[in-house]
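Descriptive structure summary
Residue strings, one per chain:
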Amino acid sequence: MANIELVNAADVRLMQGLAQRVTAVRPDLVNSDASYGELAWIWGKGQAAAGATWPRRLWFSGGELVAWAWLTLPRRVRRNDGSVKDVNGAYLAYQVHPDHPELVDEVIDWYDRTAAGLERTLLPNAVDEFALERWAAHGYRTDPESLGDEGSWTQLNERDLTDIEEPVLPDGFRFRNADEAGPEAVVRAHLAAWAPSPYTAESYEGVRATAPYRGDLHVLVEAPDGTMACSAIMWLDELNATAEFEPVGTHPDYRRRGLARAMLLHGMRLARAAGARQMTVACLGAPGHVKARQLYYGVGFKMFTRDVPLIKAATAA
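Residue positions are given per chain, counted from 1 along the sequence in the order it is written. Given that the model is predicted, a residue must reach a pLDDT of at least 70 before its local features are reported, and side-chain atom pairs must reach 80 or more before they are shown or counted; all residues, however, enter totals for whole chains, interfaces and linings. Calculated side-chain values reflect all of the structure's heavy atoms, with hydrogen atoms and water omitted.

Per an unreviewed UniProt entry, the protein chain carries the name GNAT family N-acetyltransferase and comes from Streptantibioticus silvisoli.

A few points about the overall build of the protein chain
Stated precisely, the cut-off is as follows: Runs of E in the DSSP output that reach at least two residues are strands. Runs of H or I that reach at least four are helices, and both are numbered from the N terminus. Two things to know: the radius of gyration comes from C-alpha atoms, and the globule rule equals 2.2 Å times the number of residues to the power 0.38. Under the scheme applied here, a residue whose accessible area is under 20% of the maximum for its type counts as buried, over 50% as exposed, and between as partly exposed, the area being computed with a 1.4 Å probe on protein chains only. Two residues qualify as a contact provided that any one of their heavy atoms is within 4.5 Å of a heavy atom in the partner residue. Accessible surface area values rest on a Shrake-Rupley calculation with a 1.4 Å probe, where residue burial reflects the displayed protein chains alone.
The helix and strand tally for the protein chain stands at nine helices and 16 strands. Its C-alpha atoms give the protein chain a radius of gyration of 19 Å, within 12% of the compact-globule value 20 Å for 317 residues. Principal-axis analysis of the C-alpha atoms places the extent of the protein chain at approximately 60 × 45 × 40 Å. Here the protein chain holds 317 residues, and 53% of them are scored as buried. Within the protein chain, residue pairs in contact and separated by at least 24 positions form 72% of the contacts whose partners lie at least 6 positions apart. In the structure as shown, the protein chain presents an accessible area of about 14500 Å², 49% of it carried by carbon and sulfur atoms.

Concerning the environment of Y204
Here is the rule we go by: Side-chain atoms alone can form a polar contact between residues adjacent in sequence; in general such a contact is a pair of N or O atoms within 3.5 Å, and within protein one must be able to donate a hydrogen while the other accepts it.
Tracing the backbone through its elements, the reader meets Y204 in helix α7 (residues 201-208). Sequence spacing of Y204 and C283 is 79 residues, and the spatial spacing of their C-alpha atoms is 22 Å. Leaving out residues up to four positions away in the same chain, Y204 has contacts with A178, P183, V186, V187, Y199, Y213 and H218. A polar atom in the side chain of Y204 sits 2.7 Å from the side chain of Y213.

A closer look at the nonpolar core
The condition that has to hold: For this analysis, a nonpolar core means a set of buried residues of the types Ala, Val, Leu, Ile, Met, Phe, Trp, Tyr and Cys, connected via side-chain atoms within 4.5 Å.
Formed by 31 residues in total, the largest nonpolar core has its most connected members in F245, L259, M268, M279 and F301. Considering each element in turn, this core owes the most residues, seven residues, to helix α8 (residues 259-273). Residues within four places of L259 in sequence aside, it is in contact with L169, P170, F173, V221, A229, C230 and Y254. Residues A67, L92, L103 and V308 belong to the second largest nonpolar core, which totals 23 residues.

Some points on the packing of helix α1 (residues 9-25) against helix α2 (residues 36-50)
Inclusion rule: The axes used here are C-alpha line fits, helices contributing only the stretch in contact, and every angle between their N-to-C directions lies in the interval 0 to 180 degrees. Each angle is binned into one of four classes, with values under 35 degrees roughly parallel, values over 145 roughly antiparallel, values of 65 to 115 roughly perpendicular, and all other values oblique. Less than a right angle of anticlockwise turn of the near helix away from the far helix marks a crossing as left-handed, whereas a clockwise turn marks it as right-handed. Three classes are used: nonpolar for Ala, Val, Leu, Ile, Met, Phe, Trp, Tyr, Cys and Pro, charged for Asp, Glu, Lys and Arg, and polar for all others, with Gly counted as polar.
At a minimum axis separation of 8 Å, α1 and α2 run at an interaxial angle of 160°. When the axes of α1 and α2 are compared, the pair comes out roughly antiparallel. Seen along the crossing, α1 lies across α2 with a hand that is right-handed. Within the contact between the two elements, α1 uses A9, V12, M15, Q16, A19 and Q20 and α2 uses Y36, L39, A40 and W43. In the contact of α1 with α2, the residues fall into eight nonpolar, two polar and no charged.

Quick notes on the environment of L191
With respect to the helices, strands and loops of the structure, L191 is situated in helix α6 (residues 183-194). For the pair formed by L191 and V84, sequence separation is 107 residues and the distance between their alpha carbons is 16 Å. With residues near it in sequence (within four places) discarded, L191 still touches N80, S197 and Y199.

Okay, structure coming up:
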């Protein structure tokens, strides 16, 4: 463990480059936590607090990154309500370019060595049959907790941006962006939507520092009393003319008013004006998590692919 290298900002840029190359040839093989926008979001919001628990390994071919593995080790998470959550297992995010499937076994071997003695989880893509076979061969099984109504698997949804409905807000509400609203209001909007949360002003500064972040593509809805009722960040991948919502959240006092729907439509129009032709958004896919899924379906998204939660017990070799 002493020689493990930790993820840094330069690594994340390389990982995003791989995400763009995989998106260009096999977008269905981009893992749920390995997309262009998700990588920026995870790194930006968490690196200051959790970066010391993030070992990584990179694989290159001809000077180009073709696979990576990013491990989250056990840690203690402090949330804004004062509560503490202990995460005791290990979690792996990874991506392998489809031209180099043989590296899946190297990713697995590295994970098993680096997280030896810990419960190990990950979320490979459901359409990546070769990878699923290799994980199974190394003793990984579908996480039984993921199979029920409240399961934790994620689906990716997509739609094109050729025809976007006109957004309509209730009287007194208005669209804002993060540059206009300012950091304090942006952080409050996130904490209200996702309470309890470990998100802080420092987290947002980390997000703002990521290369693809744009305050004009971080959209919010402001209520008549000045409360930021909902918000969403859009991550624009100019190379592939795609954009991704991550995260999307609504203040609990302002739900069921059509605000998030209007914000998503408004956001997609902004993304299209910025050059995107395709939009994606992820959500939990199990039957018990229907609200977000219905919201996205209601503005034209359809399920594109999903992940498969896998687990290996701490006692397994």
